[in-house]
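# Examining the three-dimensional arrangement
Now for the letters of each chain:
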Amino acid sequence: MASLLPSRVSLLLSLLLALPVSAAATREALPAVDEVMAVLRRVETARVRGTSRALDSEFEEQGRARPRDAMPRIYRAWLAFPADSCWNELKALSTLYPENPWTHLGMGLIYIRWGLLKEAAGPLATASRLSPGFAPALWAEGLLLQAEGKPAEAEARLRAALSTLDAAQVHTALGLLLAPLPGREVEARAELTRAVEAWPEQPEALRRLAALAHAAKDVRAAATAGEKLVSLKPSDREAHRAQADLWLAASEREKAAASLERYVELGGADPAPLAVRARVYAELGRAADEERALTRLIEVELKDPEPLLRLAELAEARADAAATEAFLVQASERAPERSDIHVRRARLCVKQERWQDALVSYRAALAAPERKVPEAPAETEALVKRFRLPATPAKGTADKLYNRVSLGLVALYMERLKEVPDLKGNLKLQVQVDESGRATRVSVLYDSLRDPLIAGHAYFAFMDAEYPPGRDEPVFQYVFRPPK
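Owing to the predicted nature of the structure, the values given are computational and were not obtained by experimental measurement.

## Here we look at the overall build of the protein
When its secondary structure is counted, the protein shows 25 helices and three strands. Relative to the compact-globule value of 23 Å for 484 residues, the protein shows a C-alpha radius of gyration of 41 Å, a clear excess of over 25%. For the protein, the C-alpha atoms occupy an extent of roughly 150 × 50 × 40 Å along the three principal directions. For the protein, the proportion of its 484 residues judged to be buried stands at 42%. The contacts in the protein between residues at least 6 apart in sequence include a share of 57% that link residues at least 24 apart. Here the protein displays about 25300 Å² of accessible surface, and carbon together with sulfur accounts for 54% of that area. Taken together, the 67 basic and 67 acidic charged side chains of the protein have centroids lying 2 Å from each other.

As C-alpha cells, then:
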C-alpha cells in the first residue's frame, strides 16, 4: 500500500495542475499595480516613438517564458490600444483569466476612447469588484466622469486614485481635467509638470503644459515643454514651426532659427514661417543665411515685393550692382504701383551713369500712385535737363518729327562737344508705332557715337512723339549724323 503513495501523489498533482487557476491564485500572481502602470507607460511611449514592434517582441518572449502569466499577453494587446484588435484580445483574455482586473480595465478605457460611455461602466465596475480599492479603476472612472461632463466627480475619483497610487497617468488625467477650469490653471500646471517629469513621452500633456505656461507668460517653461514635444515628433514640421514661435517668445533666436530650418528641411513652404526665418537671420546678423532664406521665400510668395527689396539691400551691401538691379526690377513687377521701388532703381542707374534707364524708372515712379517719394520730381527734372528734352513732344508727319528731333540732337551734340571734343560717329534708330500713332518701341540699330546722353535724347524724343495714326503699325528709321 505504501508503495502506491508516490504514484497517487503524482496523479493528484497532475490533476491539480490541469485545473483552471483559482481566483486566489490569480490575484496572488498579479504584479504590483505601480509595476503594471509603469509597463503601460512603456507601451504608450513605444506607440508614440514608433518602437512598438521591439516591445511586442519582448512581451512575446516573456509570454513564452511564463505561459501561465496573463500579463505579457495583456501588454501585447495594449500595444494596439484603442483599436478593435486590442479590445478583442482583452475580451478573449478576460474569458481565460476571469479574475484578472486589467483586462476589464483595458476594455473600459477603450470604450471611453470610443465615446461609448454607457458601455464603459460595466467593465470598470467588474475591475473594481475583482480587486477592491483598485486604484487604476478609480483613475478610469475619473476619465469616464470627465467624458460625461462631471468635472467635480471626476476630480474626486482621480484624487482618490492618487491617494494610493502615485502614477504619472493619474497626474496627467488630473492636470488635463483642471486645465480648462477657471482659476485652476496653477494646479493644472503643477500636476502636468509632475507628470511629464516622470513620463516625458506625453504629447497631449506637453501641448497643454506649453499652452498653460504661455498663458501665464512663462515663455521659457512653454518653450521647454514645446521642445520635449518636438523631440517626440521630430518629423512633424508643424511641431517645429510652433516651437520656433515659442523660442522667439523666449528671445531665443538661434534656437528659433534652428526650428525653422528643420521646418524647411521637412518640406515646410508656408510663406509666413519662411518670412519669420528670414527676419530672424536678419536680427542675428547672418546675412548669407538671410539671403538664402529670402531666396526660398520668393519662390513661394509670388506677390509681396518686400523680400525682393531686402534681397536688393543685401546685394547692394556686397557691391553686386547687377543683382541689386535684378531684384529691384522683380520687385517693381510685383508692385508696379509703388513709386518708391521705381525711384530706388532710378537712383541705382544714376550711380552707374545709366541716364536713359534712370529716366525710364523716374517716369515710372511719377506715374505710380503709391508711396510717393517727395524728391522724385526734382530728380526727374534734373535728368530731363541733362538730356535737353523739349518741353513738348514732337508731332506731325515723319519729316516734321525727324526735323524736330534733329534740332534737339544737334543742340545737345554741340554742347557735348565742349566736354568731349573728339565726339564723332552716327546713330541709327528704329521706331515701332501702333495704330494710334504712339511709339511702342525705340531700338538702337547702330551707334558709333557711344554717347549715352545723345542716345537717350533720341530715345525719349522718338518715344514721346505723336505719329500719324493708321491701320498699319509702321516702322520708322532715323539716322543722326552730327554736323561737320
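And the narrative resumes.
## Quick notes on the sheet that holds strand E3 (residues 475-480)
Strand order in the open sheet formed by three strands is E2-E1-E3, with antiparallel pairing between adjacent strands. For this open sheet the edge positions go to strand E2 (439-447) and E3, each flanked by a neighbour on one side alone. The mean inter-strand angle of the sheet, taken between neighbouring strand axes irrespective of direction, is 20°. Bridging between strand E1 (residues 427-433) and E3 involves six bridges; their strand directions are antiparallel. Looking at the pairing, Lys428 lines up with Val479 of E3. Helix H25 (residues 452-464) contacts E1, E2 and E3 of the sheet and is inclined by roughly 150° relative to E2.

## Some thoughts on the environment of Ala364
Tracing the backbone shows Ala364 in helix H22 (residues 355-367). Since its relative accessible area comes to 27%, Ala364 is described here as partly exposed. C-alpha separation for the pair Ala364 and Met71, spaced 293 residues apart in sequence, amounts to 80 Å.

## Notes on the confidence of the model for the protein
On average, residues of the protein carry a pLDDT of 91, and 94% of them reach 70 or more. Low pLDDT (under 50) marks residues 1-28, which in the prediction has eight contacts with non-local residues, meaning those over four places away or in another chain.

## Examining unusual backbone geometry
The omega angle of the peptide bond from Phe81 to Pro82 is 0°, so this bond is cis rather than trans. In this structure, Arg388 is a non-glycine residue whose phi angle is positive, near 55°. Among the secondary structure elements, Arg388 is positioned in the loop between helix H23 (376-387) and helix H24 (398-419). When its relative accessible area of 38% is taken as the criterion, Arg388 is described as partly exposed.

## Topic: the pairing of E1
Across a regular strand the side chains alternate sides, sitting on one face of the sheet and then on the other. Here E1 shows a clear split, with Leu427, Leu429, Val431 and Val433 buried on one side and none of Lys428, Gln430 and Gln432 buried on the other. Note: E1 against E2, seven bridges, orientation antiparallel. Along E2, the bridge assignment pairs Lys428 with Tyr446. The turn joining E1 and E2, which pair antiparallel and follow one another in sequence, is formed by five residues; a positive phi near 95° is taken by Gly437.

## A few points about the nonpolar core
Membership of the largest hydrophobic core comes to 62 residues, with the highest contact counts inside it found for Ile74, Trp78, Trp102, Leu105, Leu109, Trp139 and Val170. Residue contributions to this core peak at seven residues, all from helix H7 (residues 101-114). By size, the runner-up hydrophobic cluster in this structure holds 42 residues, among which are Cys349, Leu383, Leu449 and Ala461.

## A short note on the packing of helix H9 (residues 135-147) against helix H11 (residues 168-178)
Where H9 contacts H11, the axes come no closer than 10 Å and their chain directions differ by 20°. Between H9 and H11, the angle is such that the two are roughly parallel. Judged by the twist between their axes, the crossing of H9 over H11 is left-handed. When H9 is examined against H11, the residues Trp139, Leu143 and Gln146 are found in contact with a partner set consisting of Gln169, Val170, Ala173, Leu176 and Leu177. Its residues placed into classes, the contact of H9 with H11 shows six nonpolar, two polar and no charged.

## A closer look at helix H20 (residues 321-334)
Taking 1.5 Å of rise per residue, 14 residues should cover 20 Å, and H20 covers 20 Å from first to last C-alpha, within 8% of that figure. Buried within H20 we find Ala323, Thr324, Glu325, Phe327, Leu328, Ala331 and Ser332.

## Concerning the pattern of salt bridges
When the charged atoms of two side chains lie near each other, side chains of opposite charge can form a pair. Across all of its chains, the model carries 46 salt bridges by this definition. The salt bridge partner of Glu306 is Arg338, with a shortest N-O separation of 2.7 Å. Placement of Glu306 in helix H19 (residues 306-317) and of Arg338 in the loop between H20 and helix H21 (339-351) is noted, with a sequence separation of 32 residues between them. The exposure class assigned to Glu306 is partly exposed, which follows from its relative accessible area of 36%. By relative accessible area, Arg338 is classed as buried at 6%. The partner of Arg354 in a salt bridge is Glu325, and the shortest N-O contact between them spans 2.6 Å.

Conventions adopted
- Residues numbered from 1 in each chain as written.
- Predicted model: local features only at pLDDT ≥ 70, side-chain atom pairs only at ≥ 80, totals over all residues.
- Heavy atoms only, no water.
- Helix = DSSP H or I, 4+ residues; strand = E, 2+ residues; numbered from the N terminus.
- Rg over C-alpha atoms; globule rule 2.2 N^0.38 Å.
- Buried < 20%, exposed > 50% of the residue type's maximum accessible area, 1.4 Å probe, protein only.
- Contact = heavy atoms within 4.5 Å.
- Areas by Shrake-Rupley, 256 points an atom, 1.4 Å probe, with all protein chains shown as cover.
- Lys, Arg positive; Asp, Glu negative; His and termini not counted.
- Charge placed at Lys NZ, Arg CZ, Asp CG, Glu CD.
- Pairing = 2+ DSSP bridges.
- Axes fitted to C-alpha atoms, helices over the stretch in contact; angles between N-to-C directions.
- pLDDT = per-residue confidence, 0-100.
- Core = buried A, V, L, I, M, F, W, Y, C linked by side-chain atoms within 4.5 Å.
- Parallel < 35°, antiparallel > 145°, perpendicular 65-115°, else oblique.
- Left-handed = near helix turned anticlockwise from the far one by under 90°.
- Nonpolar A, V, L, I, M, F, W, Y, C, P; charged D, E, K, R; others polar.
- Expected span 1.5 Å × (residues − 1).
- Salt bridge = Lys/Arg side-chain N within 4 Å of Asp/Glu carboxyl O.

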